[in-house]
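# Structure at a glance
Here is what each chain is made of, one letter per residue.
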Amino acid sequence: MKFHSLYSFFFKGTALLGGVVLFPLSCSSLGAGKGNTVQYWLTKGNESVKLQQQAPVRFADPSNNFQNIEVDDTQKFQYIDGFGYTLTGGSVEVINRLSPAKRKALLQELFGDDKNSVAISYLRLSIGASDLDGEVFSYDDLPEGQTDPALSKFSLEKDRALIEMLKEILEINPQIKIIAAPWSPPVWMKDNGKSKGGSLKPEFYKVYAEYFAKYILGMKNEGIAIDAVTPQNEPLHPGNNPSLLMLSEQQRDFIKGYLGPVFKSKNIKTKIVVYDHNCNKPEYALDILKDPEAYRYIDGSAFHLYEGDISALSTVHNAFPDKNLYFTEQWTGAKGTFNEDLNWHMKNVVIGSMRNWSRIALEWNVANDPQYKPHTDGGCTECKGAITVSDSENFTRNVSYYIIAHASKFVPAGSQRIASSQTETLSTVAFKTPAGKTVLIVQNGNSSDESFNIKYNGKTASVVLSGNSAATYVF
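Small disclaimer: the values here were computed from a predicted structure and weren't measured. (Residues numbered from 1 in each chain as written. Predicted model: local features only at pLDDT ≥ 70, side-chain atom pairs only at ≥ 80, totals over all residues. Heavy atoms only, no water.)

## Comments concerning the layout of surface pockets
Put simply, the second largest pocket is a space of about 240 Å³. Every residue lining the second largest pocket is counted, 16 residues in all, and those nearest its centre are Asp 131, Glu 234, His 237, Asn 240 and Glu 329. Across the lining of the second largest pocket, the residue classes break down as six nonpolar, seven polar and three charged. (1 Å grid on protein atoms, 1.4 Å probe; cavity = no way out; pocket = protein on both sides within 12 Å on 5 of 7 lines; lining within 4 Å. Points joined across faces, edges and corners; volume = space filled by probe spheres on them. Nonpolar A, V, L, I, M, F, W, Y, C, P; charged D, E, K, R; others polar.)

## Quick notes on the nonpolar core
One finds Leu 125, Tyr 215 and Ile 226 to be the most contacted residues of the largest nonpolar core, which totals 110 residues. Of the residues forming this core, the biggest block, ten residues, is contributed by helix H5 (residues 205-221). Two domains each donate at least three residues to this core, and these are domain 1 (37-75 + 420-474) and domain 2 (82-411). Excluding residues that lie within four positions of it along the chain, Leu 125 makes contacts with Thr 86, Leu 87, Leu 162, Leu 166, Ile 178, Ile 179, Ala 180, Ala 181, Tyr 215, Met 219 and Ile 226. Of all hydrophobic cores here, the second largest spans 22 residues; its members include Val 49, Ala 430, Leu 440 and Val 463. (Core = buried A, V, L, I, M, F, W, Y, C linked by side-chain atoms within 4.5 Å. Buried < 20%, exposed > 50% of the residue type's maximum accessible area, 1.4 Å probe, protein only. Helix = DSSP H or I, 4+ residues; strand = E, 2+ residues; numbered from the N terminus. Domains from an automatic or database assignment. Contact = heavy atoms within 4.5 Å.)

## Details of empty space enclosed by the protein
Unoccupied space between atoms shows up once a probe the size of one water molecule is rolled over them. This structure, assessed with the given rule, holds two cavities of 30 Å³ or more. Taken together, Trp 183, Gln 232, Asn 233, Glu 234, His 237, Asn 240, Pro 242 and Ser 243 form the lining of the second largest cavity. Each residue belonging to the lining of the second largest cavity can be placed in one class, and the counts come to two nonpolar, five polar and one charged.

## As for the pattern of salt bridges
Across all of its chains, the model carries 22 salt bridges by this definition. Here Arg 359 ties to Asp 81 by a salt bridge, and the two come within 3.0 Å at their closest N and O atoms. Of the two residues, Arg 359 sits in strand E14 (residues 358-365) while Asp 81 sits in the loop between strand E5 (67-79) and strand E6 (82-86), which places them 278 residues apart along the sequence. We classify Asp 81 as buried; its relative accessible area is 4%. The closest approach of N and O atoms between Glu 222 and Arg 160, which form a salt bridge, is 2.8 Å. Taken together, the positions of Glu 222 in the loop between H5 and strand E9 (228-229) and Arg 160 in helix H4 (residues 160-172) put the pair 62 residues apart, joining distant regions of the chain. (Salt bridge = Lys/Arg side-chain N within 4 Å of Asp/Glu carboxyl O.)

This is the structure in structure tokens:
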């Protein structure tokens, strides 16, 4: 039983925008499938279909031998804070190259909740420069040999363009949440005096904690709330520019002796999240959480997946079930294919992180130019943003746009993960939204089509999902 003809069926009155079929309904009305109808959106790995709404299917009482995907909303798991990207300084720079009309339209598409938007609900920022800024900087740069323990030269002005864009984004979505991480402290705080590598000098632990506080309070003064911070992006990767080596015992001591107490003394409610690196070293987070003094200041742990297995998040959850998990970064690269990236990231980043207790799923940078710039000298030269800005009037949507959109457009902050079964070839995750809708995301890792039944509350809907494709079902 095949439904291929359904894939080419479109509702009257659709509009096509850059390969995205847009239907005359808003995100707030995505529950049009209430009752006996399932609405769904499809992306194929061969790029022939990208986030296009398909003809709806109905719950019925079919007689078939299809595999079943059981959705059970009596089994409830973590609440969701959102889906999104890192808004790098380079992303801001290239988006600002667009004409005012194109720029406004892009921000609305990314962060709005109307029919043309993908409703990004979570952002990550760098505290100072990341490697996808045009230059290396901190908020307290000094001539070589000088120090500033009073932080009298501290200034956020190097991030002025980013701050102004964040204000525009907050006008579009005032509820968007932000996590921030430094790539490096000011070089005068480091034992090698360089932006790349080195470690934080112990005599500057207190000053660096005050630096974090100044950042959070400075952003607050701009009207930007920082929901969470990690003490260091990729603390075990000192080869990037900028970067810092921060071993688990160093991060533990920094949090329990300085960062936590400074936040407490200043009544800063911003969450402290540890680690922010690969899934191959869950012991980094575990070692810090095992310390009772550090534990009381920590909200949770953050992970990337350039090494290891996504199940590392569950390893930490099982050891410390009252602490949160955050999946904060995964990049798509210049040499990757749409098909491979769509399927791997849907399975691991979106579905995998959610099934392993993460509250967020973030891809890497929002935007860059066709040469994968801007980046620092020594920064990533192949990181592909969700958007490529080619000139003042043109941008293209890349694979990570669709990876995140399959979740962000349909699963708002405040949704809760519920149980869904999986098969050998079908990876799934399901949610109950605050509006009471059920959302099921399915990725077909098989090269051939897969027929299956969605079973929910005694009802059954039979669907076919194309090979190497992902779909989001709403009912």
